[in-house]
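The chain contents come next:
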Amino acid sequence: MTFSLNPEADGWGICSARPEDAAVTVAVTGGTGFIGRAVIRQFIKCGVQVRALFRPRSGSTPPSAPGLTWIPGDLLHIPSLEHLIRDADAVVNCAGAITGVHSGHFVPANVEGVKRLVSVISHSKHRPRLLHVSSLAARMPEISPYAGSKRLGEDLISRQDALEWTIIRPPAVYGPGDRALRPLFECMRRGLLLAPGTGEGRFSLIFVEDLARAIVFWFKGVDLSGRCFELHDGRPGGYSWKDVGETASRILGRPVLRVRIPPGFLRMLAGMNTLAASMTGMSPILTAGKARELCHEDWVCCPGHGGEMGGWMPAVDLEQGLRRVFGL
Ligand SMILES: NC(=O)c1ccc[n+]([C@@H]2O[C@H](COP(=O)([O-])OP(=O)(O)OC[C@H]3O[C@@H](n4cnc5c(N)ncnc54)[C@H](OP(=O)(O)O)[C@@H]3O)[C@@H](O)[C@H]2O)c1
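Below is a summary of the structure that appears in this document.

Parameters and conventions
- Residues numbered from 1 in each chain as written.
- Predicted model: local features only at pLDDT ≥ 70, side-chain atom pairs only at ≥ 80, totals over all residues.
- Heavy atoms only, no water.
- Disulfide = S-S within 2.5 Å.
- Buried < 20%, exposed > 50% of the residue type's maximum accessible area, 1.4 Å probe, protein only.
- Helix = DSSP H or I, 4+ residues; strand = E, 2+ residues; numbered from the N terminus.
- Expected span 1.5 Å × (residues − 1).
- Bend = angle between axes of the 7 residues up to and from the residue.
- Contact = heavy atoms within 4.5 Å.
- Near = heavy atom within 4 Å.
- Polar contact = N/O pair within 3.5 Å; in protein donor to acceptor, adjacent residues only side chain to side chain.
- Areas by Shrake-Rupley, 256 points an atom, 1.4 Å probe, with all protein chains shown as cover.
- Nonpolar A, V, L, I, M, F, W, Y, C, P; charged D, E, K, R; others polar.
- Salt bridge = Lys/Arg side-chain N within 4 Å of Asp/Glu carboxyl O.
- Core = buried A, V, L, I, M, F, W, Y, C linked by side-chain atoms within 4.5 Å.
- Right-handed = clockwise from strand over helix to strand, strands pointing away.
- Pairing = 2+ DSSP bridges.

Further remarks concern the state of the cysteines. Scanning the model with the defined rule gives 0 disulfides in all. Here Cys301 stays unpaired: no disulfide links it, and the sulfur of Cys302, its closest cysteine neighbor, is 8.7 Å away. According to the relative accessible area criterion, Cys301 is buried, its value standing at 4%. For Cys302, a relative accessible area of 35% puts it in the partly exposed group.

Following this line, the structure appears as structure tokens:
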């Protein structure tokens, strides 16, 4: 597998596929999701053939592109996983459950699904490399059922001595097309920044295309196996809510007022949201667990825990990223 760093290729300086890469194939799960779509776009842009898993009954629409083949199935369905990884040089697991109330909502995709994917890879003849998209939340498994499930998924993978695995723990990922943070950005556009908890928290961020480029960087062959990376947009120490508000204000050309949402109020909102969701059969985004995650004051990526990934560098800072989100 050969890749070239070619700044002229796509304006981002990531890679271009050379003719001998024509047969290079990556298997991707979660390709209908926010991160998975960006990852597939980036691979296709680099001339890599993509086999992607999609769940026919979930209602998501798989996009089409030359070089992209969709495999119907589920992380819990072993035959579809075997079909997915057949002849793949690497597997990128972007699938996961990000909304839910209790661990029963997260464990099937984030733990059991990972277990089955790992088992299928381990039992395959060619044993493709695995990149698993975890979450920074995994470093605090006790904070929420989501975080706990992400940590269990990581633990399953890191126990695999016979596999070439790499884990990425992204912090909050943002970009156009993101459903989870959309309400926050909509409020910001209207001049209101909702800062949860004490409002003093700090957090790292990463723009979705940067994360996708990091994954393609991993794929291009530098040996990063057996390691876990906390990737961010290059800002050491992360951001405060004040930083975000000031940046948004500069871009939008209007004041953005920071409004603190105290933990008790956030918990109450989470309770109401969970109740409303249970009555409508929807999966609530704001739950008690999510409220605890939002109120936690340190979601800053730890440089000592991975830092830049073997020379990968982010390209989009907060100002550029917010401009893209606001369509400016
Ligand atoms: N977004 C963030 O800020 C962020 C931050 C850190 C980590 N992450 C991690 O990144 C991953 C992707 O997140 P996202 O924001 O892209 O979420 P998303 O938009 O909800 O996408 C989730 C993807 O996983 C698929 N999926 C869920 N359960 C599955 C199953 N049982 N079998 C096969 N596919 C399944 C979904 O398929 P359907 O379309 O069929 O539902 C969808 O394609 C997750 O593991 C999440 O923990 C996200």
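Attention now goes to helix α4 (residues 103–123). Taking 1.5 Å of rise per residue, the 21 residues of α4 would be expected to cover 30 Å, and the 28 Å separating its terminal C-alpha atoms lies within 8% of that figure. The sharpest bend along α4 measures roughly 30° and falls at Gly113. Those residues of α4 lying buried are Phe106, Asn110, Val111, Gly113, Val114, Leu117, Val118, Val120, Ile121 and Ser122. For α4, the secondary structure elements touched by its buried residues are α3 (78–85), β6 (90–93), β7 (129–133) and α5 (145–158).

For the ligand, the set of nearby residues contains 25 residues, the closest of which are Thr32, Ser58, Ser60, Tyr146 and Lys150. Take Gly30: an N or O atom from its main chain is 3.3 Å from an oxygen atom of the ligand. Taking Lys150, its side chain carries an N or O atom lying 2.6 Å from an oxygen atom of the ligand. Considered on its own, the ligand offers 900 Å² of accessible surface; in the complex 88% of this is hidden by protein. Looking at the shell around the ligand, the elements that each hand over two or more residues are α2 (34–45), α5 and β9 (172–174). Among the residues forming the shell around the ligand, the class breakdown is 13 nonpolar, 8 polar and 4 charged.

A separate point is the pattern of salt bridges. A complete count under the given rule lists 16 salt bridges for this structure. For Arg139, the salt bridge goes to Glu230, with nearest N and O atoms at 3.2 Å. In this pair, Arg139 sits in the loop between β7 and α5 while Glu230 sits in the loop between β13 (227–229) and β14 (239–240), placing the two residues 91 residues apart along the sequence. Note that Arg235 and Asp243 form a salt bridge whose closest N and O atoms lie 3.1 Å from each other.

Among the nonpolar cores identified, the biggest contains 37 residues, and Val26, Phe43, Val92, Ile215, Leu231 and Met309 are the most heavily contacted of them. Looking at this core, the elements that each hand over two or more residues are β3 (25–29), α2, β4 (49–54), β5 (68–72), β6, β7 and α7 (208–219). Ignoring sequence-local partners within four residues, the contact set of Val26 consists of Phe43, Val48, Gln49, Val50, Arg51, Ala88, Ala90, Val92 and Phe219. Counting residues in hydrophobic clusters, the runner-up holds 29 residues, among them Leu193, Trp241, Val244 and Ile251.

Let's shift gears to the pairing of strand β8 (residues 165–168). Both faces of β8 are covered, namely the face carrying Trp165 and Ile167 and the face carrying Thr166 and Ile168. Considered for its hand, the β-α-β crossover made up of β7, α5 and β8 is right-handed.

This paragraph deals with the pairing of β3. Along β3, 5 of the 5 residues are buried, which leaves the element largely enclosed by surrounding structure. Residues Thr25, Ala27 and Thr29 line one face of β3 and the alternating positions Val26 and Val28 line the opposite face, and both faces are buried. Judged from the 4 bridges that link them, β3 and β4 form a sheet pairing that is parallel. Counted as the bridge partner of Ala27 is Arg51 from β4. Here β3 pairs with β6 via 4 bridges, running parallel. Following the sheet pairing, Thr29 is matched in β6 by Asn93.

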